[in-house]
Amino acid sequence: MRMWFICRFCCPAAQSNSNPEWEAKVLEYFKGQLKEKESHSWVPSLNDVPLHYLKPNSLVKFRCLVQDMFDPEFYMGVYETVDPSTKANVLRCGKYKDVTECGVDLNSRNTVTAERQTFYCVPIPGESPWAKEISFLSAARVVPSTSYVPSRQKRSYEEDDDDMDTQPQKQREPHTGTHQAEPHGNGDSKRQETEAPSSQTTTPSDCSSHLDLNFPLPGERGPACLVKVYEGLDSFKLNDTLEIYGILSVNPVLTVLGEEKDPSLLLLNPTESMETPEEQRAHDPPASLVPRLHMLYARPLQHNNPLLPSAPTEDQSAFVSSFLVEMASVRAELLAYLTHVLLGDGLAAEYLLLHLISDVYTRRDVLPLGKFTLNLSGCPLNSYTERLYQIVQQLVPCSYRLSMSLHTMNSMRLVPKKDYVANRLVSGALQLARNTSLFLDETQLEQGQLDSSGVRNITALGNLISWQKVDYDFSYHQMEFPCNINVLVTSEGRSLLPSDCQVPLQPQVTPPNMEEYLTTIHMAQFTSQINKFRVYLSLARTLDYSISDEVTKAVEDDFVDMRKDDPQSVTAEDLHRMLVVARLLSLSLGQTTLSRDGWMRAKHIDMLRRSRTEQQKSLNGNEP
Amino acid sequence: MSLGIEVDMSSPLMYGTPSSRVEGTPRSGVGGTPARQRPDLGSIRKAPQVDLHSDADGAVASEQALGQKLVIWGTDVNVGTCKEKFQRFLQRFIDPTSNEDENAGLDLNEPLYMQKLEEISVVGEPVLNVNCSHVQSFDADLYRQLISYPQEVIPTFDMAVNELFFERFPDSILEHQIQVRPYNALKTRNMRSLNPEDIDQMITISGMVIRTSQLIPEMQEAFFQCQVCAFSTRVEVDRGRIAEPAVCRNCNTTHSLALIHNRSAFSDKQMIKVQESPDDMPAGQTPHTTIVYAHNDLVDKVQPGDRINITGIYRAVPMRENPRQSNVKSVYKTHIDVIHFRKTDEKRLHGLDEDSDQKLFTEERVQILKELASKPDVYDRLSSALAPSIYEHEDIKKGILLQLFGGTRKDFSQTGRGNFRAEVNILLCGDPGTSKSQLLQYVFNLVPRGQYTSGKGSSAVGLTAYVMKDPETKQLVLQTGALVLSDNGICCIDEFDKMSDSTRSVLHEVMEQQTLSIAKAGIICQLNARTSVLAAANPVESQWNPKKTTIENIQLPHTLLSRFDLIFLMLDPQDEAYDRRLAHHLVALYYQSEEQIEEEFLDMAVLKDYIAYARTYINPRLNEEASQALIEAYVDMRKIGSGRGMVSAYPRQLESLIRLAEAHAKVRFSDKVETIDVEEAKRLQREALKQSATDPRTGFVDISILTTGMSATARKRKEEVAQALKKMIQSKGKTPAMKYQQLFDDLRGQSEAAITKDMFEEALRALADEDYLTVTGKTVRLL
């Protein structure tokens, strides 16, 4: 438990500043400690534990997305204080702290100026409720150094909120009351617990309504955090997902400094009055709302699936190899499940599965490789797509459904924009973490006029799909940020957005009551089963993949043959797509190289799909 | 050296402890150098600073072992030596190779700065801009001192200049003393690399202005008056604070002094926010911003949107502590006090000059580039390094490569012809899905000043420029669009065919004259838009119809098409060997080892530098043989057509041939355009023409398809039909009016070839033009 008291440990060390290695040693120590088994789960997480239960200046972790990067700041790395009574000078360390001790001697020669940068971090946007819940439950096992006893209380709040303003994640009838159906049990003691701290929990959320916390997605909850970064500034990028270990700082002074400004001081010191109130608010929000976190160590997250070991360690490879055995059977089950969900359409289920494990694995100059945007056309209307999204959401750790109604397209901010007045990047719905499933619901789109921002939004979606990049609006210029987002478009006819592959849905069953049908399918799955699917989808994405020379040759021959028969029907674009399909198909079976069979299968399902689209075309006459 | 001395002496120098330098008093440094008006210039020569200075030296300098050698406290600057050195620099520095625009009109073989002083004496603007690289090449030690201790050294420079100036031009009358403004500190930095070591040093950074504040009057000297006895006193502002005198010195009343605002002295100040320019940023991070303070006459010199180089002193000020609070935030506020602004894009408004942003290349880099250039197959190498993910289309890539290099800029404005376009314009047309967009994206990512727009989404306004009212200042601001922004770069326009006619019409001027004329909301101006256009167009019928001409396929006005140097078709060749190579290429694309990818990325960086270097330093000219070859090529082209009774080449083709040849010479890093360059240009042009200007009816290449929108055979046929119609009408004898439909049927019956309604109408129109007949509704009347 020594770990939690780093600050006390820091300051005396500063006195021996002649030896600069102590900083490195501190970091080393913490990294070492955190590597030890289980130790990282001792650290309370800002994601799970409400802020007021956490001790200031203790070690916490935060699973987040870097939403904005502020300008670097210079701070007093080492400074000297003068005790007013004894006149004794003491050297102190300013690292990992926001405020100094009393009586700073500004003219001391021993002051060392150092540099750090502030990142504005928000919880991973669109994180599925199940992912939050599982990581919360696993954290609940160990409760060090906080007086907080994790209980169902906080969860129930979030879920209620989710139900109200985003989407009902549970398959329950709306009238059965919010507190009843708790899918994973454990909903017993909840009621009485919600009562007591309710006043505390509501206050911050009230405040946050007028303090815009700048979450990328509407209706998001959770703490935003100003992370002070000391080392390796260049290694972090915007939109990185990180697990940050650092020292929590919620010193109330931070707030007071911002608010109580002596007006006479402002007059004489225009430097501070230069900051617009907006900028003040964005950069120095009250610490009680946006805590400061002084980063000791950050781990980039490959995924945020709590069911998978997150660090690439030995247990991960052990985990992978043990799971590989099961891979094929889990795939079959998942396929069966998706087939049911897609009203008995096996081919569409196959494609949906491939889509869910797709990933931009590399880029060749401007071309992103591995993306697989799926357009499911012919979706039944009336909330089918909504239900479908809920099922996808249950499977992937991060997702967002964008209902492409005319109103949202015209009014919603998709592309992040730099606000020069507040000097911050105002987030938009396309600022998402890697491998987020973006569910575009085009069935919601009606006829009407798109205004200029609507056109911009559609263009942004098109760019996202074709180039996997979002051009952030910096008002004087645009800046391109590459992304890695799985886009699934559901539409009635062919989507107006580009896509890598279109599958017209051919329902085999027509249930009289769609809602009921899907709910029963969903309820029929055990949690353990769903968890397997979740692991499967995240894992398949991380596997390596290669093509042998022999298969390369076979693929080439095949292509030439196909072209020989009918050069019009098979183009380079088709080959692009088939190579991606072959890759995903192999990975979905846990195979890390492309086999001849794999290629033939890929060709086969692509053929089936194409014949289906052509059929559709001839049915609909001359669809563009 | 108590603080008292400093304050009383009002010396421009500051002799503080290192820690107090952090704070920086507002009157030190150039930002606050006395810019006050001095009515009596004669006395300046013996300005108090100079005399005072020797005192100050004695007072503040620590005596070293050498006895004589006095330095400013906390530095190694000896005022005397420093002054002497700088005067020597001014008197002797010659830079015969200078090509800076600021030095235009000066004799390069005479001491540069003495000429500038002379200019000051004539013009009367008391500012001397000094290029730091000149100082460095003249005296490296002086340069180091200037960079490290700017707020001590620059006032010394001021003194030196003023002494020298008034010695030389004793009768000049200046508004105030000459101020030295150094710029281009070689420590030119990217904003990102500023770190605590740069505090209080002189730095030059580049960036873009994003916000400017209103003018802030900053108090320099407070004027207090006693309410009791009307005794007045002045107090200088020290580190942003005024020490209010508690007791009146005259009548000894306490707290009787009141500040009189309108008798206090203020100086102008402006806060400017500068953002890192997009080119210096590592991918995936957000741009940094820095606060900059401009003082006195530098206020309002820049506008939001300007790209500037700033030279100034980097400052860090601790956050003011609230007296009621014991502990403070441990963060400093940083800003830059500007000494010198230099707009990097102002040239665009003046025109003529060569690209100003000189990219600095290290010796080794230049060596690598030259080595690459000396290889015989450099042209092929570079073109294959271009967009490696796109398969084949070698000629198109070569064309784009030449576009990236561009021709040599020539100026004929003396002879009234104006500028010749040096930029190569390329149009790609072809079936959808033939990676045209990808090629455009690649080019856009490759060039520093690239712009990418889609014809569908852009309006004429978005391409050119528009006038906007600044919400804060209510001032009209000209916002430039894609074409102006890509000045000296490449403007990539996707879906060119989807562009509205009015938007396209803007391009006419840009693509030939390379300027943009704007007359909007009272702002009338002509902006330079020396941009190359790389456009992609899809055929009107989703598939390319090989039976139609290019014009018919893409439905673009021929006036615009003729402005493209090269028009390529990107079609599916449909042959087996090609398919095999394509398949191989694609599979390799999807599965390639890390190292290969690594290698390729290196190529892209080299390619970028190679292009930048060639564009900046290589200006090839035609040699005798090449000129002959060009003439022959042109004559040949004309001859081909004349055999068949049509014009097959226009001067525009010759011009573009020259451009291409020059660009090819640039690829070789050659200062001379030689015959091989002309050969390649010819070949490429022929290839492009073969693709785009082949008349599908005859199979011949026919340039008039592109220049007049109609092939010569088509025109001939049109005439024939008209003649046949005329003959037929004549043969009918005197009939003043005929039925339209009947006439059409008659003609069809008579003619051997099938005659469409279009052809018939065209023929009627032709005859109407001859004043032979008129068509009114359904009847045709003879005249």
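What counts and what doesn't
- Residues numbered from 1 in each chain as written.
- Chains lettered and ligands numbered in written order.
- Predicted model: local features only at pLDDT ≥ 70, side-chain atom pairs only at ≥ 80, totals over all residues.
- Heavy atoms only, no water.
- UniProt positions renumbered as here; feature names shortened; annotations may be inferred.
- Helix = DSSP H or I, 4+ residues; strand = E, 2+ residues; numbered from the N terminus.
- Buried < 20%, exposed > 50% of the residue type's maximum accessible area, 1.4 Å probe, protein only.
- Contact = heavy atoms within 4.5 Å.
- Areas by Shrake-Rupley, 256 points an atom, 1.4 Å probe, with all protein chains shown as cover.
- Salt bridge = Lys/Arg side-chain N within 4 Å of Asp/Glu carboxyl O.
- Polar contact = N/O pair within 3.5 Å; in protein donor to acceptor, adjacent residues only side chain to side chain.
- Phe/Tyr/Trp six-rings, centres within 6.5 Å; stacked < 30°, edge-to-face > 60°.
- Lys NZ or Arg CZ within 6 Å of the ring centre and 35° of its normal.
- Pairing = 2+ DSSP bridges.
- Axes fitted to C-alpha atoms, helices over the stretch in contact; angles between N-to-C directions.
- Parallel < 35°, antiparallel > 145°, perpendicular 65-115°, else oblique.
- Core = buried A, V, L, I, M, F, W, Y, C linked by side-chain atoms within 4.5 Å.
- pLDDT = per-residue confidence, 0-100.
- Left-handed = near helix turned anticlockwise from the far one by under 90°.
- Nonpolar A, V, L, I, M, F, W, Y, C, P; charged D, E, K, R; others polar.

Under an unreviewed UniProt entry, chain B has the name DNA replication licensing factor MCM4 and belongs to Oncorhynchus tshawytscha. Among the UniProt annotations of chain B, the heading Sequence similarities (unreviewed entry) holds the following wording: "Belongs to the MCM family." Heading Subcellular location (unreviewed entry) of the UniProt record for chain B holds this comment: "Nucleus".

In the nomenclature of an unreviewed UniProt entry, chain A corresponds to Mini-chromosome maintenance complex-binding protein from the organism Oncorhynchus tshawytscha. Recorded in UniProt for chain A, the comment headed Subcellular location (unreviewed entry) runs: "Nucleus".

J.: Before we go on, may I ask you to explain the overall build of chain B in this structure?
T.: Each helix and strand in chain B was counted, giving 27 helices and 28 strands. Burial statistics for chain B: of 783 residues in total, 53% are counted as buried. Within chain B, contacts between residues separated by at least 24 positions form 67% of all contacts whose residues are at least 6 apart in sequence. On chain B, roughly 35,400 Å² of surface is accessible, and the fraction owed to carbon and sulfur atoms is 50%.

J.: Sorry if this is basic, but what is going on with the overall build of chain A here?
T.: Secondary structure summary: chain A contains 21 helices and 17 strands in total. Considering chain A as a whole, with its 624 residues, one finds that 57% of them fall into the buried category. Of all intrachain contacts in chain A linking residues separated by at least 6 positions in sequence, the fraction that spans at least 24 positions is 78%. When the accessible surface of chain A is summed, it comes to about 25,800 Å², and 53% of that surface belongs to carbon and sulfur atoms.

J.: Honestly, the pattern of salt bridges in this entry has me stumped. Any pointers?
T.: For side chains bearing opposite charge, pairing can occur when the charged atoms are close. Residues and elements named next belong to chain A. Applying the stated rule across the entire model yields 32 salt bridges over all chains. Between Asp 441 and Arg 401 there is a salt bridge; the shortest N-O distance is 2.8 Å. With a gap of 40 residues between them, Asp 441 in strand β13 (residues 436–441) and Arg 401 in strand β10 (residues 399–403) connect regions that are remote in the sequence. Each member of the pair, Asp 441 together with Arg 401, is buried. Taken together, the shared-partner salt bridges connect Asp 574, Arg 577, Asp 606, Arg 609 and Arg 610 into one network.

J.: Sorry, what's going on with helix α7 (residues 140–148) of chain B here?
T.: Turn by turn, an α-helix covers 3.6 residues, leaving residues three or four places apart pointing in a common direction. All names here are of chain B. Among all positions of α7, only Leu 142, Tyr 143, Gln 145, Leu 146, Ile 147 and Ser 148 are buried. Close packing links the buried residues of α7 with α4 (79–92), α6 (132–138), α8 (150–168), β4 (179–183) and β6 (202–226). At the N-terminal boundary of α7, the capping side chain belongs to Asp 139, with an oxygen 3.0 Å from the backbone nitrogen of Asp 141.

J.: Is there a simple way to explain the environment of B:Asp268 in this structure?
T.: All names here are of chain B. With respect to the helices and strands, the residue Asp 268 is situated in strand β9 (residues 265–275). When the C-alpha atoms of Asp 268 and Leu 215 are compared, they prove to be 6.5 Å apart, with 53 residues separating the residues in sequence. Aside from chain neighbours lying at most four places away, what touches Asp 268 is Leu 215, Ile 216, Ala 294, His 295, Asn 296 and Val 299.

J.: Explanation requested: the environment of A:Ala114 in the structure shown.
T.: Its place among the elements puts A:Ala114 in strand β3 (residues 112–123). Residues A:Ala114 and A:Leu51 lie 63 residues apart in sequence; the distance between their C-alpha atoms is 29 Å.

J.: Would you mind showing me how to read the packing of aromatic side chains here?
T.: The geometry of an aromatic ring pair comes down to the distance between the two centres and the angle between the two planes. Taken as a whole and assessed by the stated rule, the structure comprises 22 aromatic pairs over all chains. Put simply, the rings of B:Phe86, B:Phe89, B:Phe93, B:Tyr113, B:Phe138 and B:Phe157 touch in pairs and so form one group of aromatic residues. The positively charged end of A:Arg116 is found above the aromatic ring belonging to A:Tyr75, 4.5 Å away from the centroid.

J.: Which parts of the structure should I look at to understand the sheet that holds β10(A)?
T.: Hydrogen bonding along the main chain pairs the strands of a sheet, whether they run parallel or antiparallel. Residue and element names in this part refer to chain A. In space, the five strands of this open sheet follow the order β10-β13-β16-β9-β17, with parallel pairing throughout. Every interior strand has two partners, whereas the edge strands, β10 and β17 (501–504), have only one. Going from strand to strand, the sheet's axes swing by 20° on average, the running direction of each strand aside. The strands touched by helix α16 (residues 452–467) are β10, β13 and β16 (485–490); relative to β16, the strand with the most contacts, the crossing angle is about 120°.

J.: Any chance you could explain the sheet that holds strand β27 (residues 773–776) of chain B here in plain terms?
T.: All names here are of chain B. Spatially, three strands are ordered β26-β28-β27 in an open sheet, and the strand pairing comes out antiparallel. The open sheet has two free edges, formed respectively by β26 (737–739) and β27, since each of these has just one partner strand. On average, each strand axis in the sheet is tilted by 25° relative to the strand beside it, whichever way the strands run. Pairing analysis gives three bridges linking β26 to strand β28 (residues 779–782), with the strands arranged antiparallel. The residue of β28 that forms the bridge with Ala 737 is Arg 781. Running at roughly 75° to β26, helix α26 (residues 740–750) makes contact with β26 and β28 of the sheet.

J.: Before we go on, may I ask you to explain the packing of helix α11 (residues 378–385) of chain B against helix α12 (residues 394–405) of chain B in this structure?
T.: Packed helix pairs are characterised by how far apart their axes lie and by the angle those axes make with each other. Residue and element names in this part refer to chain B. For the pair α11 and α12, the least separation of the axes is 9 Å and the interaxial angle reads 100°. Looking at the two axes, α11 sits roughly perpendicular to α12. Where α11 abuts α12, its residues Tyr 379, Asp 380, Leu 382 and Ser 383 lie against Glu 394, Lys 397, Lys 398, Leu 401, Leu 402 and Phe 405.

J.: Honestly, the nonpolar core in this entry has me stumped. Any pointers?
T.: Burial of nonpolar side chains together is a common tendency in soluble globular proteins. Among the nonpolar cores identified, the biggest contains 79 residues, and A:Leu334, A:Tyr337, A:Leu342, A:Tyr351, A:Leu376 and A:Tyr384 are the most heavily contacted of them. Residues in contact with A:Leu376, not counting those within four places in the same chain, are A:Leu342, A:Ala348, A:Leu388, A:Val489, A:Thr490, A:Ser491, A:Val503 and A:Leu505. Core analysis: the next-biggest nonpolar cluster, separate from the first, contains 59 residues, B:Met604, B:Ile618, B:Leu630 and B:Leu684 among them.

J.: Can you walk me through the confidence of the model for chain A in this structure?
T.: Detail in the predicted coordinates should be disregarded across regions flagged by low pLDDT. Residues and elements named next belong to chain A. Within chain A, residue pLDDT values average 75, and 77% of them lie at 70 or more. Across residues 1–18 the pLDDT falls below 50, and counting only partners more than four positions away or on other chains, this stretch makes 35 contacts in the model. In this model, residues 256–273 is a region of pLDDT below 50 whose contacts with residues beyond four sequence positions or in other chains number 25 contacts.

J.: How do you make sense of the packing of helix α19 (residues 549–565) of chain A against helix α19 (residues 576–590) of chain B when you look at a structure like this?
T.: Contact geometry for α19(A) and α19(B): axes closest at 9 Å, N-to-C directions at 140°. Between α19(A) and α19(B), the angle is such that the two are oblique. Crossing of α19(A) against α19(B): the hand is right-handed. Contacts between α19(A) and α19(B) pair A:Thr552, A:Lys553, A:Val555, A:Glu556, A:Asp557, A:Phe559, A:Val560, A:Arg563 and A:Lys564 from the former with B:Glu576, B:Asp579, B:Arg580, B:Leu582, B:Ala583, B:His584 and B:Val587 from the latter. Considered class by class, the residues forming the contact of α19(A) with α19(B) number six nonpolar, two polar and eight charged.

J.: So what exactly am I meant to see when it comes to the confidence of the model for chain B here?
T.: Residue and element names in this part refer to chain B. Scored by pLDDT, chain B comes out at a mean of 72, with 71% of its residues at no less than 70. This model gives residues 1–68 a pLDDT under 50, and the stretch forms 111 contacts once residues within four places in sequence are excluded. Low pLDDT, under 50, characterises residues 346–359; the stretch is placed with 22 contacts to residues that sit more than four places away or in other chains. If you check the scores for this complex, the pTM reads 0.73 and the ipTM reads 0.74.

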